[in-house]
Each structure stands twice: as C-alpha cells, then as structure tokens.
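Summary of structural features
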Amino acid sequence: VNIEVDASAHEEYRVWLRDHVAELLALPGFTGAKVFEVLDPPPSAGRVGLSVQYALRDQAALDDYLRDHAPRLRADGIARFGDRFQATRRVLRGAR
C-alpha cells in the first residue's frame, strides 16, 4: 500500500497506522508487515510518502481479507483522515 499523507497530519497518521497494521496482523492469514518512508520518487509537495508491505499466507487469505475486512478498515482511514491522505494498492507475488 503506497500512501501520501499531508505533512500536517503525518504524526497523527503514523500513530493510527501503527494500530491499523497491528489490527491487520491479527487477522487470519497475515504473516508480517513492514512500514517504509518513501524517498524516491519524492512525495508531492507538503506530503509525506509511506509504503506498507504486508505478507499473507496465500491468495485465499487475501481474498478473505478483501471480502470480509477491507471495506471496514479502509472506511476507518477515510473517516479519520478524509482527503488528507491518498492510498494506492498493488498486489505482488514472489518470483517463482
């Protein structure tokens, strides 16, 4: 998940993100997460870039999350931060 958050909300967002990541890691199928600050490409002016890399057991765990949990968890971030952040997602599979 790639995130740009307004610099003025960055500290509050990081506190929320810590709890959000912990909540995801408590769900079945999540096996790890790492949070990174994005340096390149640089975030938009007045924003801080973050990237969270989640690891899941398998595709079924991702499907379960997207169906059963994602709408609620994504709505929480929007309710708290509105347009002060933007998130984009991509799904990757390890090379075989």
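Refer to the structure presented above.
Here is what the cut-offs are and how they apply
- Residues numbered from 1 in each chain as written.
- Predicted model: local features only at pLDDT ≥ 70, side-chain atom pairs only at ≥ 80, totals over all residues.
- Heavy atoms only, no water.
- Axes fitted to C-alpha atoms, helices over the stretch in contact; angles between N-to-C directions.
- Helix = DSSP H or I, 4+ residues; strand = E, 2+ residues; numbered from the N terminus.
- Parallel < 35°, antiparallel > 145°, perpendicular 65-115°, else oblique.
- Contact = heavy atoms within 4.5 Å.
- Core = buried A, V, L, I, M, F, W, Y, C linked by side-chain atoms within 4.5 Å.
- Buried < 20%, exposed > 50% of the residue type's maximum accessible area, 1.4 Å probe, protein only.
- Salt bridge = Lys/Arg side-chain N within 4 Å of Asp/Glu carboxyl O.

**Description of the packing of helix 2 (residues 59–68) against helix 3 (residues 70–81)**
Running from N to C, helix 2 and helix 3 point in directions that differ by 60°, and their axes come no closer than 4 Å. Between helix 2 and helix 3, the crossing angle belongs to the class labelled oblique. For the pair formed by helix 2 and helix 3, the contact residues are Tyr65, Leu66, Arg67 and Asp68 on the first element and Ala70, Pro71, Leu73 and Arg74 on the second.

**Here we look at the nonpolar core**
Counting twelve residues, the largest nonpolar core is built from Ile3, Val5, Ala9, Tyr13, Trp16, Leu17, Val21, Val48, Leu50, Val52, Phe81 and Phe85. Mapped onto this core, the elements with two or more residues apiece are strand 1 (2–6), helix 1 (10–25) and strand 3 (47–56). Counting residues in each nonpolar core, the second largest holds seven residues, with Leu24, Tyr65, Ala70 and Leu73 among its members.

**A short note on the pattern of salt bridges**
In total, this model carries eight salt bridges according to the counting rule given. Among the salt bridges present, the one from Arg18 reaches Asp19, with a minimum N-O distance of 3.5 Å. Judged by relative accessible area, Arg18 falls into the exposed class, the value being 52%. Here Glu23 and Arg72 are joined by a salt bridge, their closest N and O atoms 3.1 Å apart. One end of the pair, Glu23, is in helix 1; the other, Arg72, is in helix 3, and 49 residues separate them in sequence. Residue classification places Arg72 among the partly exposed positions, given a relative accessible area of 45%. Within the structure, one salt-bridge network assembled from shared partners comprises Asp64, Arg67 and Asp68.

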